[in-house]
Amino acid sequence: MKPLIVANWKMNPSTLAEAKRLFNSVAKGIKNIGRTEVVICPPFVWFSNLLASKPYTLNPKLGAQDCFWVESGAYTGEISPIMLKNLGCKYVIIGHSERRKLGETDEMINKKIKAALETKLKPILCVGETEEERSDGKTFEVLTRQLERSLNYLSNKSFRNLIIAYEPVWAIGSGNPCGISEAKAVNLFIRKIVKNLPILYGGSVNSQNAESYIKEAKFQGFIVGGASLNPQEFIRIVKSVVKT
Ligand code: PGA
């Protein structure tokens, strides 16, 4: 599988002009990258505009930061998987810790994953332990619970389009990335549960540490938050992976 690098812009930037500038700088900087899949996940409101201005067909692709589990109806504020699919979106992040903090449960995540797979989107399921769970030695227990509940009742066949992202909550946006050997141990643990699925790492990834997560810790790519808002830094991250 080609390495997969996902930019999670979260709730940024605040104008369309900035979103276009950021998107176009990244697209230009990575236009000759062949062996890597780059996905940008902007806020929903910038989606159509960025798709319309998408200068290159190969990279970057567009992904969403979340979706709902019903196709259409009276669900104020929600966005359905079929809407995303019809726009040309290919990937969707589901169960990010920042959404879990707002009340999203494993059961809701399970419904979202199922709906996204049925719509032929590729869901990126985020799992990860908090600082407290880590210091209590509960990392593996938490990951097992999150994976089992989020993937409950999914058929083996539908697993093919699924991607897992290990995102330790304490490493997200903290400038304190998970050490390579710890990340590798967790990667191996998750792999025992999900077998052949691609596993990404997320949490304070930058151009200095990106390569090691692929080369040494054996992840298939990553989710980049803060560093994806700086086009030059994000391009360096992508290029560091292409080198490996
Ligand atoms: P970060 O965010 O790179 O800013 O730590 C990663 C994420 O939230 O997916």
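Residues numbered from 1 in each chain as written. Predicted model: local features only at pLDDT ≥ 70, side-chain atom pairs only at ≥ 80, totals over all residues. Heavy atoms only, no water.

Peer 1: Could you give an account of the overall build of the protein chain, with specific residues and numbers?
Peer 2: Along its length, the protein chain carries ten helices and eight strands. Since a compact globule built from 244 residues should have a radius of gyration of about 18 Å, the 17 Å found for the protein chain is in line with a globular shape. Among the 244 residues that make up the protein chain, the fraction classed as buried is 51%. Per element, the accessible surface of the protein chain, about 11,400 Å² overall, is 52% carbon and sulfur. For the protein chain, the separation between the mean place of its 34 positive charges and that of its 22 negative charges on side chains is 10 Å. (Helix = DSSP H or I, 4+ residues; strand = E, 2+ residues; numbered from the N terminus. Rg over C-alpha atoms; globule rule 2.2 N^0.38 Å. Buried < 20%, exposed > 50% of the residue type's maximum accessible area, 1.4 Å probe, protein only. Areas by Shrake-Rupley, 256 points an atom, 1.4 Å probe, with all protein chains shown as cover. Lys, Arg positive; Asp, Glu negative; His and termini not counted. Charge placed at Lys NZ, Arg CZ, Asp CG, Glu CD.)

Peer 1: Can you explain the site of the ligand? Please cite residues and give values.
Peer 2: Not every one of the 13 residues close to the ligand is listed here, only the nearest: K10, H96, E167, G173 and S204. At 2.6 Å from an oxygen atom of the ligand is found a main-chain nitrogen or oxygen belonging to G173. Within the backbone of G225, one N or O atom sits 2.8 Å away from an oxygen atom of the ligand. Taking 280 Å² as the accessible area of the ligand by itself, protein coverage stands at 96%. Here the residues of the shell around the ligand are counted per class, giving four nonpolar, seven polar and two charged. (Near = heavy atom within 4 Å. Polar contact = N/O pair within 3.5 Å; in protein donor to acceptor, adjacent residues only side chain to side chain. Nonpolar A, V, L, I, M, F, W, Y, C, P; charged D, E, K, R; others polar.)

Peer 1: Break down the packing of helix α7 (residues 139-150) against helix α8 (residues 180-194) for me, citing the residues and quoting the values.
Peer 2: Helix packing geometry: the angle between the two helix axes and the distance between the axes. Where α7 contacts α8, the two axes come as close as 11 Å, and the packing angle between them is 35 degrees. By crossing handedness, the relation of α7 to α8 is classed as right-handed. Note on element contacts: α8 touches α7 through A185, V186, F189, I190, I193 and V194, opposite T139, F140, L143, T144 and L147. Looking at the contact of α7 with α8, its residues break down into nine nonpolar, two polar and no charged. (Axes fitted to C-alpha atoms, helices over the stretch in contact; angles between N-to-C directions. Left-handed = near helix turned anticlockwise from the far one by under 90°. Contact = heavy atoms within 4.5 Å.)

Peer 1: So what's going on with the side chain of E37? Residues and values would help.
Peer 2: With respect to the element layout, E37 can be found in strand β2 (residues 37-41). Separated by 3.2 Å, the side chains of E37 and K61 make a polar contact. A polar contact is formed between the side chain of E37 and the side chain of Y91, at a distance of 2.6 Å. In this structure E37 touches K2, P3, L4, I5, N59, K61, K90 and Y91, once residues within four positions along its chain are discounted.

Peer 1: Residues and numbers for the nonpolar core, please.
Peer 2: Membership of the largest hydrophobic core comes to 61 residues, with the highest contact counts inside it found for I164, I190 and F222. Not counting residues within four places of it along the chain, the set of residues in contact with I164 comprises L125, V127, L147, I190, V194, L197, P198, I199 and L200. Core analysis: the second largest hydrophobic core is formed by twelve residues, V39, I93, I163 and A165 among them. (Core = buried A, V, L, I, M, F, W, Y, C linked by side-chain atoms within 4.5 Å.)

Peer 1: Could you give me a rundown of the sheet that holds strand β1 (residues 4-8), with the residues and numbers involved?
Peer 2: With parallel pairing, eight strands are arranged side by side around a closed barrel as β1-β2-β3-β4-β5-β6-β7-β8. Adjacent strand axes in the sheet meet at a mean angle of 25 degrees when their direction is disregarded. Bridge count for strand β7 (residues 199-202) against strand β8 (residues 221-224) is three bridges, and the pairing is parallel. If you follow L200 over to β8, its bridge partner there is G221. Each of β5 (122-127) and β6 (163-166) touches α7; the most contacted strand, β5, lies at about 150 degrees to it. (Pairing = 2+ DSSP bridges.)

Peer 1: Give a detailed account of the pattern of salt bridges, specifying residues and quantitative values.
Peer 2: If you walk through the whole model with that rule in mind, you get twelve salt bridges. Among the ionic pairs, E98 bridges to K10, the shortest N-O distance being 2.8 Å. Here E98, found in helix α4 (residues 97-100), pairs with K10, found in the loop between β1 and α1 (16-29); they are 88 residues apart in sequence, far enough to count as distant. On the basis of relative accessibility, which here comes to 32%, the residue E98 falls in the partly exposed class. Accessibility expressed as a relative area gives 22% for K10, which makes it partly exposed. For E37, the salt bridge is made with K61, and the minimal N-O distance between the two is 3.2 Å. One end of the pair, E37, is in strand β2; the other, K61, is in strand β3 (residues 61-64), and 24 residues separate them in sequence. (Salt bridge = Lys/Arg side-chain N within 4 Å of Asp/Glu carboxyl O.)

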